[in-house]
Structure formats: C-alpha cells, structure tokens
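Spelled out, the chains give:
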Amino acid sequence: MRVGVMIGPEKGDSARKLSRMLDDIAWAEEAGMDTAWIPQIPTDFDALITIAAMGLQTRRIELGTAVVPLQAQHPIALARQALSAQAAAGGRLALGVGPSHHWIVRDMLGLPYERPAGYTRDYLEVLHAGLTGPGTVEVGNDTFTVHNPLDLGPVAPVPVLVAALGPVMLRIAGERADGTILWMADERAVADHVVPKITKAAAEAGRAAPRIVAGLPVCLCRPGEAAEAKARANRILGEAEVSPNYQRLLEQGDARDVGDICIAGDERQIAAGLRRYANAGATDLSVRLLPIGDNREELVASKRRTREMIAELARELR
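Because the structure is predicted, anything quoted here is derived from the model rather than measured.

Caption draft 1: Summary view of the overall build of the protein chain. Looking only at helices and strands, one finds 12 helices and 12 strands in the protein chain. In terms of its C-alpha atoms, the protein chain occupies a principal-axis envelope of roughly 60 × 40 × 40 Å. The burial tally for the protein chain puts 53% of its 318 residues in the buried class. Within the protein chain, counting contacts between residues at least 6 apart in sequence, those at least 24 apart form 73% of the total.

Have a look at this one:
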C-alpha cells in the first residue's frame, strides 16, 4: 500500500503559503513518502499550478490533485493544464478530478449542477482524448462537441482518478478512469461499498485493477487526547458533511462524521487503523495531518510528530 500526505494551503499571505507548501513537499520527498495529494480548495491556490511548482522542486514523489472540480473548466483546458503540470513534474502527476458538490458548483460558481454523473462520463471522454495527444480532439457526446487541435503530448501517461462516492460514479470510475479518491469513507464503506463496485466495473471494462485512495485525518497523541483530536476534526473538517454525497457515503459505513473517521492515538493505535484500511482494499492512503494544541507552537510541534510517525509507518506498510 502506498502512503501519502495531503499538502494544502493554510492561512497566511500567498508568498508564505507557497513557501510552506514547498517546504512540506521537500520534507515528504526526503522522508520517502510515496505520494502527496494537493486539495483544490474553492477559495485558494490552484492545485495544478501548485503541483507544477512542486514538480520543479522534487525528483521522485508522485504528485496528485484531490480533486479538481470538473465544472470549473472545459475538459480541453483541463487537459492542457494537466499536460503542462505533468511536464513540470517529469511525469509524476496523478490527476484527481470529480463533479464536486452543489454548494460549490451551483452556490459558489453559479453553474448548473444537473446530471453530475452523466456530465462526468462525457467530460472524461473529452479529457482522455486531450491527454493522449498530440493531435486533434474530435469528440461528440450529449454534453460536448469538440474539434480542437492540441500540439501537446504527455511526457508520461497521466493517470486519472475520479472522486466517486455512489454506485453510479463508482461504475464510471471503474470503466473510464484509473481509480478513485475518497473522503468520508470508513473501513466498512471501503470494503463493502467502494471496492466491490469499482473493481467489478473495471474488470468488466477490461481495465486494470483500480487504485483506491482513501483520505483520512490522522493525529498522533496520547490515548486520552483522542477525543480532543476527533472534536477538532469535526470542527475544522466537518463542513463537508452538509453534502448529500458525503451523507450517502457515510450511510455505507459505521462512521457518523469525520471525527469518527479520524485515526487518533499512539503509534500502535494509528498503525492498526491504517492497516484496517489496507485490509479493506485501499491501495493508497492520503493522510490529512491533524495537529492539536492550544497555540501555534503546539500545533506545529503536533503536526511534525504526526508526520514523522507516518513516514516510519509508510515504510512498514509497503
């Protein structure tokens, strides 16, 4: 199983954000992490531009988006952007995409949020054509009619992973992509809901076994502090629970909220939690480091302890 960390922008001015993110990716590469996943936060840095910058600063680690909302740009524009980032990263990009949520697409961007699964299927057809250039992209489907020349070709194949939570999206991810990126999925949801559906769809389409990237918050702490960590997860990450998509995914498992999914405790407890995901069928873990503390210094120290422990565990879980 591959183990990676989420690296995302935090509060502060843009120059300091970028500097912190480049420091974090330098640590992840030096620590031997397999992957780094860059979230596309609606209000913040562009994930693919960030990956391009990280690609120029690293040599080995895989760099993935988690995830780029499809509705925000035409598939040709996204293909062009991904090919550019792939060149900057020397072939280490994993392009995570998804149809996002109504509160981003409709409420924030003012775009229609209709037939997200059908839109994703049609979008992937154009995107895949654009990622396999150079040449003219000629695609016609229910959503797009494209006749677009592209002089760009990939320096290496670009794996595409789709954020798929429900049965229809999991089928699309299995049939038309290289895997899925999850958030708000506990071990039972992965084992009983995600793995069987996406694996069956991939097999029936003649595709290789899909990657299943499980994102989850992790906090190294004393066992008596686990409740504090779970409460903080609910406080700073719980806004996603307003999405019907995530609510339906939670119903497939035992967790009620992101705090239940958070793995918090000592090294032994965290190792056991990560192994449960591996046993459930996750091929990759995307760890969202969750520090606890009463001030900035304590939060920074907590984050560093957790990430060093995750790096050690990553070597054991390979």
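Caption draft 2: Spatial organisation of the packing of aromatic side chains. A complete count under the given rule lists three aromatic pairs for this structure. A centroid spacing of 5.8 Å and a plane angle of 50 degrees characterise the contact between Y119 and Y123, whose relative ring orientation is tilted. Remark: Y123 and Y119 occur in helix 5 (residues 116-131); sequence separation between them is four residues, near one turn of the helix. For Y119, a relative accessible area of 18% puts it in the buried group. When its relative accessible area of 0% is taken as the criterion, Y123 is described as buried. Ring geometry for Y123 and F144: centres 5.9 Å apart, planes at 80 degrees, overall edge-to-face.

Caption draft 3: Local environment of the pairing of strand 7 (residues 145-150). Bridge count for strand 6 (residues 135-140) against strand 7 is six bridges, and the pairing is antiparallel. When the sheet's bridge partners are listed, T136 is paired in strand 7 with P149. Here strand 6 folds back onto strand 7, and the loop between the two strands holds four residues.

Caption draft 4: The arrangement of a negative patch on the surface in detail. A cluster of acidic residues, E228, D294, E297 and E298, forms a negative patch at the surface. The residue E298 is located in helix 12 (residues 296-317) in this model. Of the residues examined, E298 reaches a relative accessible area of 37% and is grouped as partly exposed.

Caption draft 5: Structural context of the nonpolar core. M33, L95, L274 and I310 are the most contacted members of the largest nonpolar core, which has 97 residues in total. In terms of residues, this core owes the most to one element, helix 5, which gives seven residues. When sequence neighbours within four positions are dropped, the list of residues in contact with I310 reads V3, M33, V218, I270, L274, V287 and L289. Residues W37, A94, L161 and I181 belong to the second largest nonpolar core, which totals five residues.

Caption draft 6: Here's a closer look at the state of the cysteines. Overall, the coordinates contain zero disulfides when judged by the stated rule. Unpaired in this structure, C221 has its nearest cysteine sulfur neighbour in C219, at a distance of 4.2 Å. Residue classification places C221 among the buried positions, given a relative accessible area of 8%.

Caption draft 7: Region of the structure containing the pairing of strand 10 (residues 211-220). Of all 10 residues that make up strand 10, 10 are buried, and the element is covered over most of its length. Burial along strand 10 is two-sided: R211, V213, G215, P217 and C219 and I212, A214, L216, V218 and L220, pointing in opposite directions, are all buried. Sheet analysis places strand 9 (residues 179-183) next to strand 10, joined by five bridges and oriented parallel. Within the sheet, the bridge partner assigned to L182 lies in strand 10 and is A214. In this region the chain leaves strand 9, passes through helix 7 (residues 187-204) and returns to the parallel neighbour strand 10; the handedness of that crossover is right-handed.

Caption draft 8: Local environment of unusual backbone geometry. Here the bond from A66 into V67 is cis, since omega is -10 degrees, no more than 30 degrees from zero. Within the element layout of this structure, V67 appears in the loop between strand 3 (62-65) and strand 4 (68-69). Between G133 and the following residue, P134, the backbone shows a cis peptide bond with an omega angle of 5 degrees. You can see P134 is positioned in the loop between helix 5 and strand 6. A positive phi angle, close to 45 degrees, is found at R115, a residue other than glycine. Among the structural elements, R115 can be located in the loop between helix 4 (102-105) and helix 5. Phi angles above zero are rare outside glycine, and M184 is one such case at about 75 degrees. Tracing the backbone through its elements, the reader meets M184 in the loop between strand 9 and helix 7.

Definitions and limits used
Residues numbered from 1 in each chain as written. Predicted model: local features only at pLDDT ≥ 70, side-chain atom pairs only at ≥ 80, totals over all residues. Heavy atoms only, no water. Helix = DSSP H or I, 4+ residues; strand = E, 2+ residues; numbered from the N terminus. Buried < 20%, exposed > 50% of the residue type's maximum accessible area, 1.4 Å probe, protein only. Contact = heavy atoms within 4.5 Å. Phe/Tyr/Trp six-rings, centres within 6.5 Å; stacked < 30°, edge-to-face > 60°. Pairing = 2+ DSSP bridges. Patch = residues over 30% accessible without salt bridge, like charges linked within 9 Å, V, L, I, M, F, W, Y side chains within 5 Å. Areas by Shrake-Rupley, 256 points an atom, 1.4 Å probe, with all protein chains shown as cover. Salt bridge = Lys/Arg side-chain N within 4 Å of Asp/Glu carboxyl O. Lys, Arg positive; Asp, Glu negative; His and termini not counted. Charge placed at Lys NZ, Arg CZ, Asp CG, Glu CD. Core = buried A, V, L, I, M, F, W, Y, C linked by side-chain atoms within 4.5 Å. Disulfide = S-S within 2.5 Å. Right-handed = clockwise from strand over helix to strand, strands pointing away.

It is worth stressing that arrangement in space is one thing and function is another; only the former is reported here.
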